[in-house]
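Spelled out from the first residue to the last, the chains are:
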Amino acid sequence: MKATLKYLSVLILILLVTILQDYLYDQKFDHSIYDTENRLINSLWILIFPVSILWNVLFKKVRFLARIHIVLIKRLLFIILATVTHILAFAGLADFIATNFFEQNLPFLINIRFTISVDLYKYLLIYSIIALILVRKNKNVKSR
């Protein structure tokens, strides 16, 4: 329970930092993006949960990933794969939703470039914390 509370606290803190970052960006560069675009981009942070669950399940079920016994390598791989998955899913969903439901156009490649340049450190931080919580040393390792 304590780990979950810490996890949620960190996520809330990061979401608040992203809102502050958007506000400061708008003030400094006098760049007012559409409110709907801003809400869309900030709402896609919810992808953290399904991406984390997906990779946690894959690390347990896929034989290749489950056989990695060095925890540091397993955690680094989790962080990299989850971050790349999140960036691709974010760019694809933002493009799809903006094109089909709003009048804006948020092209896939531009979303990827923007996300890497602005949010990559946040993804790495978030998935690092999640990796510390989810990826643990196997207690049932058989000796050979």
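All residue numbers refer to positions counted from 1 along the written sequence of the respective chain. Thresholds applied to this predicted model are a pLDDT of at least 70 for local features of residues and 80 or more for the giving and counting of side-chain atom pairs; totals over whole chains, interfaces and linings are not thresholded and use all residues. In computing side-chain values, all of the structure's heavy atoms are included and hydrogens and water are not.

A. Region of interest: a nonpolar patch on the surface. Taken together, Ile 80, Val 84, Leu 88, Phe 108 and Leu 109 make up a surface patch of nonpolar side chains, about 440 Å² in accessible area. Listed by contribution, the elements that provide at least two residues to the nonpolar patch are helix H5 (71–101) and helix H6 (108–134). Mapped onto the secondary structure, Ile 80 falls in helix H5. Patch building starts from residues that exceed 30% relative accessible area and form no salt bridge, then joins like charges within 9 Å and nonpolar side chains (Val, Leu, Ile, Met, Phe, Trp, Tyr) within 5 Å. Only the protein chains shown count as cover for residues, and the accessible areas themselves come from Shrake-Rupley with a 1.4 Å probe. Throughout this description, the term salt bridge denotes a Lys or Arg side-chain nitrogen within 4 Å of a carboxyl oxygen of Asp or Glu. Helical segments are the DSSP runs of H or I of at least four residues, strand segments are the runs of E of at least two, and each set is numbered from the N terminus.

B. Summary view of the packing of aromatic side chains. Each pair of aromatic rings taken from Phe, Tyr and Trp, with Trp reduced to its six-membered ring, is defined by centres within 6.5 Å and is described as stacked if the planes are under 30 degrees apart, edge-to-face if over 60, and tilted in the remaining cases. Counting across every chain of the model gives 3 aromatic pairs. Aromatic pair Trp 55 and Phe 59: ring centres 6.3 Å apart, planes at 65°, arrangement edge-to-face. Of this pair, Trp 55 and Phe 59 are both found in helix H3 (residues 48–61), 4 residues apart, which corresponds to roughly one turn of the helix. The classification of residues rests on relative accessible area computed with a 1.4 Å probe and restricted to protein chains. Under 20% of the type maximum is buried, over 50% is exposed, and intermediate values are partly exposed. With a relative accessible area of 13%, Trp 55 lands in the buried category. An aromatic cluster of three or more residues is present, and its members are Trp 55, Phe 59 and Phe 78.

C. Layout of the nonpolar core. We define the nonpolar core as a collection of buried residues of types Ala, Val, Leu, Ile, Met, Phe, Trp, Tyr and Cys that are connected through side-chain atoms lying within 4.5 Å of one another. Counting 27 residues, the largest nonpolar core has Ile 48, Trp 55, Phe 78, Ile 126 and Tyr 127 as its most contacted members. Put simply, the parts of the chain that give this core at least two residues each are helix H1 (2–29), H3, H5 and H6. If one sorts the elements of this core by residue count, H5 sits on top with 8 residues. With residues near it in sequence (within four places) discarded, Ile 126 still touches Leu 11, Ile 14, Trp 45 and Ile 48. The contact definition used throughout considers only heavy atoms, calling two residues in contact when any of these lie within 4.5 Å.

D. The arrangement of the side chain of His 86 in detail. Looking at where His 86 falls in the secondary structure, it is placed in helix H5. Setting aside chain neighbours within four positions, we find His 86 in contact with Leu 44, Trp 45, Leu 47, Ile 48, Val 51, Tyr 123 and Tyr 127.

E. Fine view of H3. Expected helix span is given by 1.5 Å per residue-to-residue step, counting one fewer step than there are residues. Between its terminal C-alpha atoms H3 stretches 20 Å, which fits the 20 Å expected from 14 residues at 1.5 Å a residue. Taken together, the buried positions of H3 are occupied by Ile 48, Val 51, Ser 52, Trp 55, Asn 56 and Phe 59. Down the axis of H3, the sector holding all buried residues measures 130°, keeping them to one side. In this structure, H3 carries Ile 53, Lys 60 and Lys 61 as exposed residues pointing more than 90 degrees from its buried face. As used here, the arc belongs to the directions running from the helix axis to the C-beta atoms.

F. Representation of the packing of H3 against H6 within the structure. Only the stretch in contact is used when fitting a helix axis, every axis being a line fitted to C-alpha atoms; angles between N-to-C directions are given from 0 to 180 degrees. The contact between H3 and H6 brings their axes to 11 Å, and the two run at 45°. Considered as vectors, H3 and H6 are oriented oblique to each other. For H3 against H6, the interelement crossing comes out right-handed. Facing H3, whose interface residues are Ile 48, Val 51, Ser 52 and Asn 56, H6 presents Ile 126, Tyr 127, Ile 130 and Leu 134. Note on angle classes: values under 35 degrees are labelled roughly parallel, values over 145 roughly antiparallel, values of 65 to 115 roughly perpendicular, and the remainder oblique. Should the near helix be turned anticlockwise from the far one by less than a right angle, the crossing is termed left-handed; should it be turned clockwise, right-handed.

G. Geometry of the packing of H3 against H5. At a minimum axis distance of 10 Å, the contact between H3 and H5 shows a crossing angle of 135°. Compared by their axis directions, H3 and H5 come out oblique. Of the two possible hands of crossing, H3 and H5 adopt the one that is right-handed. Residues Ile 48, Val 51, Ser 52, Trp 55, Asn 56 and Phe 59 of H3 form the contact with H5, whose participating residues are Lys 74, Leu 77, Phe 78, Leu 81, Ala 82, Thr 85 and His 86. For this scheme, ten residues count as nonpolar: Ala, Val, Leu, Ile, Met, Phe, Trp, Tyr, Cys and Pro. Four count as charged, namely Asp, Glu, Lys and Arg, and the remainder, Gly too, count as polar. For the contact of H3 with H5, a count of residues per class yields 8 nonpolar, 4 polar and 1 charged.

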